[in-house]
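Spelled out from the first residue to the last, the chains are:
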Amino acid sequence: MKSLRASLTMFALVGGAFSFNAWAVLPVGESPATFTISDGKDQSLKLEQLRGKSVVFFYETRDEAVIERNRALKKRLLAYLSEQSNWASKVAVVPVIDCSGAIGLFKGFWKDQILENSKKENLTIYCDWSGSFGQIFQADPSQSNVIVLDAAGKVVFSQAGLVPADQFPFSRLIK
């Protein structure tokens, strides 16, 4: 009994020395599983449709504070891309909102809000109705998650939380 107690104490001490982030965004070098998301008009977007392009995902909740966290990066990214020739054929910017909390009659309201915000941002915003996109990318539900895939579909950048523009791999997007 004494050795079991000592073992449990040692396990607790060693386990406490390490902290594992359960919301670590899909690591660099990984390829995500296939997914389907849709916009406010129920137009689907599948991972396969994005192959051959670099893709920048912003995965967020509808919480305004979370959405604002990387607003400066979003603006800087769109400004950078507008300076590049033919960027739309090379890069996709895909904001995705976790809409898994929308149920029943409220789903229509969510779609209306997604469409309104898509117009305001001049960018199609997609919905993760099931939460599966967030699970695939191991996104932190309390943060703005930024994930960049290369043209082959491999993660080349991933971070939850604030991403300062000087830490973002702009040069990896246009090749």
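Counting restarts for each chain, with residues numbered from 1 along the sequence as it is written. Side-chain atom pairs in this predicted model are given and counted only at pLDDT of 80 or more, local residue features only at pLDDT of at least 70, and totals for whole chains, interfaces and linings cover all residues. Calculated side-chain values reflect all of the structure's heavy atoms, with hydrogen atoms and water omitted.

**Q** Looking at this model, I keep getting lost on the packing of aromatic side chains. Mind explaining?
**A** What characterises a pair of aromatic rings is the spacing of the ring centres plus the angle enclosed by the ring planes. Stacked, edge-to-face and tilted are the three classes for Phe, Tyr and Trp ring pairs, Trp counted by its six-membered ring, which pair at centre distances within 6.5 Å; planes under 30 degrees apart are stacked, over 60 edge-to-face, the rest tilted. For the structure on display, the rule yields 10 aromatic pairs. An angle of 50° between the planes, with centres 5.3 Å apart, marks the rings of Phe 57 and Phe 137 as tilted. Residue Phe 57 is located in strand β3 (residues 54–60), and its partner Phe 137 is located in the loop between α5 (132–136) and β6 (145–149); the two are separated by 80 residues in the primary sequence. For the pair shown, Phe 57 and Phe 137 are each scored as buried. Counted as over-ring charges are cases with an Arg CZ or a Lys NZ within 6 Å of the ring centre that also lie within 35 degrees of the ring normal. The ring of Trp 129 carries the charged tip of Lys 107 above its face, separated from the ring centre by 4.7 Å. The helix count covers DSSP runs of H or I at least four residues long, the strand count covers runs of E at least two residues long, and both are numbered beginning at the N terminus. Relative accessibility decides the category of a residue: with a 1.4 Å probe and only protein chains considered, values under 20% of the type maximum give buried, values over 50% give exposed, and everything between is partly exposed.

**Q** When you look at the sheet that holds β3 in this model, what are you seeing that I'm missing?
**A** Strand-to-strand pairing in sheets goes through backbone hydrogen bonds, with the strands running parallel or antiparallel. Taken in spatial order, the seven strands make up an open sheet running β2-β1-β5-β4-β3-β6-β7, and their pairing is mixed. The strands lining the two open edges of the sheet, one partner per strand, are β2 (44–46) and β7 (155–160). Looking at each pair of strands side by side, their axes are set apart by 25° on average, direction ignored. At least two DSSP bridges between two strands are needed for those strands to be called paired. Relative to β2, strand β1 (residues 36–39) runs antiparallel, the two being bridged by three bridges. Bridge pairing links Thr 36 to Lys 46 in β2. Each axis is a line fitted through C-alpha atoms, taken for helices only over the stretch in contact, and angles between the N-to-C directions span 0 to 180 degrees.

**Q** It is not clear to me how helix α3 (residues 71–82) should be interpreted in this structure. Could you clarify?
**A** In an α-helix, one turn spans 3.6 residues, which is why side chains three or four residues apart end up on the same side. For a helix, the expected span equals 1.5 Å multiplied by the residue count minus one. Here α3 spans 17 Å end to end across 12 residues, near enough to the 16 Å set by a 1.5 Å rise per residue. Residues Arg 71, Leu 73, Lys 74, Leu 77, Tyr 80 and Leu 81 constitute the buried set of α3. Note on definitions: a residue-residue contact is assigned when non-hydrogen atoms from the two residues lie within 4.5 Å. Packed against the buried residues of α3 are β3, α2 (64–69), β4 (91–98), α4 (106–121) and β6.

**Q** Honestly, unusual backbone geometry in this entry has me stumped. Any pointers?
**A** Note: most residues except glycine have negative phi, and most peptide bonds are trans. Backbone geometry places Asp 42, a non-glycine residue, at a positive phi of 65°. Counting through the fold element by element, Asp 42 comes out in the loop between β1 and β2. The phi torsion at Gln 138 lies on the positive side, around 55°, for a residue other than glycine.

**Q** Sorry, what's going on with the nonpolar core here?
**A** By nonpolar core we mean a set of buried residues, namely Ala, Val, Leu, Ile, Met, Phe, Trp, Tyr and Cys, connected to one another through side-chain atoms within 4.5 Å. One finds Phe 35, Phe 57, Val 94 and Phe 137 to be the most contacted residues of the largest nonpolar core, which totals 21 residues. In contact with Val 94, not counting residues within four places along its chain, are Ile 37, Leu 45, Val 55, Val 56, Phe 57, Phe 58 and Tyr 126. Phe 58, Leu 81, Phe 168 and Ile 174 belong to the second largest nonpolar core, which has 17 residues in total.

**Q** Mind showing me how you'd approach the side chain of Ser 54 here?
**A** Turning to its location among the elements, Ser 54 is positioned in strand β3. Throughout this description, a polar contact denotes any pair of N or O atoms lying within 3.5 Å of each other; where both atoms belong to protein, one of them has to be capable of donating a hydrogen while the other can accept it, and for residues adjacent in sequence the pair is counted only when both atoms sit in side chains. Among the polar contacts listed, one links the side chain of Ser 54 to the backbone oxygen of Leu 173, at a separation of 3.1 Å. Residues within four places of Ser 54 in sequence aside, it is in contact with Lys 90, Val 91, Ala 92, Leu 149, Asp 150, Ala 151, Arg 172 and Leu 173.

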